[in-house]
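Residue-level listing of the chains:
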Amino acid sequence: MAEHRRALLAGLTGTVLEIGAGNGLDFGLCPATVTRVVAVEPEPRLRGLARTTATQTPVLIEVIGGPAECLSAADGAVDAVVASQ
Ligand SMILES: C[S@@+](CC[C@H](N)C(=O)[O-])C[C@H]1O[C@@H](n2cnc3c(N)ncnc32)[C@H](O)[C@@H]1O
């Protein structure tokens, strides 16, 4: 599955918004061209695991709570949006 995830993330650059990050499995698979990840995860236990994963990943990652529907972001605030299952 890691190769499928890498293929999903290949070519991304700059700031990436990840919807439903789960435990943060994708964080370490982002290419080096990704400089920042904003990860939204509504489930508290998974959000805690994602925050732990974030501390073990070289890219700057901010894990925030709440459903994606409640996000507010200005136009152009992110370079790509990712969702994986
Ligand atoms: C199948 S999991 C996938 C997790 C991760 N993306 C992965 O590939 O391992 C779906 C995730 O989406 C989250 N989720 C569900 N509804 C959501 C919503 N409205 N906004 C953001 N995330 C949501 C769930 O809490 C769960 O962590």
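The following paragraphs examine the structure supplied in this document. (Residues numbered from 1 in each chain as written. Predicted model: local features only at pLDDT ≥ 70, side-chain atom pairs only at ≥ 80, totals over all residues. Heavy atoms only, no water.)

Points about the pattern of salt bridges
(1) Moving on: Applying the stated rule across the entire model yields three salt bridges.
(2) Moving on: In this structure, the salt-bridge partner of R6 is E3, at a minimum N-O distance of 2.7 Å. Placement of the pair is R6 and E3 together in helix α1 (residues 2–9), with a separation of three residues, close to one helical turn.
(3) Moving on: The class of E3 is exposed, set by a relative accessible area of 56%.
(4) Moving on: Notably, a salt bridge pairs E62 with R36, separated by 3.3 Å at the nearest N-O pair. Taken together, the residues E62 in strand β3 (residues 60–64) and R36 in strand β2 (residues 34–40) connect sequence positions 26 residues apart.
(5) Moving on: Taking relative accessible area as the criterion, E62 reaches 38% and is therefore assigned partly exposed. (Salt bridge = Lys/Arg side-chain N within 4 Å of Asp/Glu carboxyl O. Helix = DSSP H or I, 4+ residues; strand = E, 2+ residues; numbered from the N terminus. Buried < 20%, exposed > 50% of the residue type's maximum accessible area, 1.4 Å probe, protein only.)

Considering the sheet that holds strand β4 (residues 80–82)
(1) Moving on: Read from one edge to the other, the open sheet built from four strands follows the order β3-β2-β1-β4, with strand pairing classed as parallel. Here the strands that pair on one side only, and so sit at the sheet edges, are β3 and β4. Between one strand and the next, the sheet's axes are offset by a mean angle of 20°, whatever the strand orientation.
(2) Moving on: Sheet topology places strand β1 (residues 14–19) next to β2; six bridges connect them, and they run parallel. Residue pairing across strands places L17 opposite V38, the latter belonging to β2. (Pairing = 2+ DSSP bridges. Axes fitted to C-alpha atoms, helices over the stretch in contact; angles between N-to-C directions.)

Side note on the site of the ligand
(1) Moving on: Close to the ligand lie 16 residues; G20, E41, A68, E69 and S84 are nearest.
(2) Moving on: In this structure, a nitrogen atom belonging to the ligand sits 2.8 Å away from a main-chain N or O atom of A68.
(3) Moving on: Between the ligand and E69 there is a distance of 2.9 Å, counted from a nitrogen atom to a side-chain nitrogen or oxygen.
(4) Moving on: When isolated, the ligand has an accessible area of 590 Å², and the protein chains bury 69% of it.
(5) Moving on: Here the residues of the shell around the ligand sort into seven nonpolar, four polar and five charged. (Near = heavy atom within 4 Å. Polar contact = N/O pair within 3.5 Å; in protein donor to acceptor, adjacent residues only side chain to side chain. Areas by Shrake-Rupley, 256 points an atom, 1.4 Å probe, with all protein chains shown as cover. Nonpolar A, V, L, I, M, F, W, Y, C, P; charged D, E, K, R; others polar.)

Remarks on the nonpolar core
(1) Moving on: Counting 17 residues, the largest nonpolar core has L12, F27, V34, V37, I61 and V63 as the members making the most contacts within it.
(2) Moving on: Looking at this core, the element that brings in the most residues is β2, giving three residues.
(3) Moving on: In contact with L12, other than residues within four places in its own chain, are P31, T33, V34, A80 and V82. (Core = buried A, V, L, I, M, F, W, Y, C linked by side-chain atoms within 4.5 Å. Contact = heavy atoms within 4.5 Å.)

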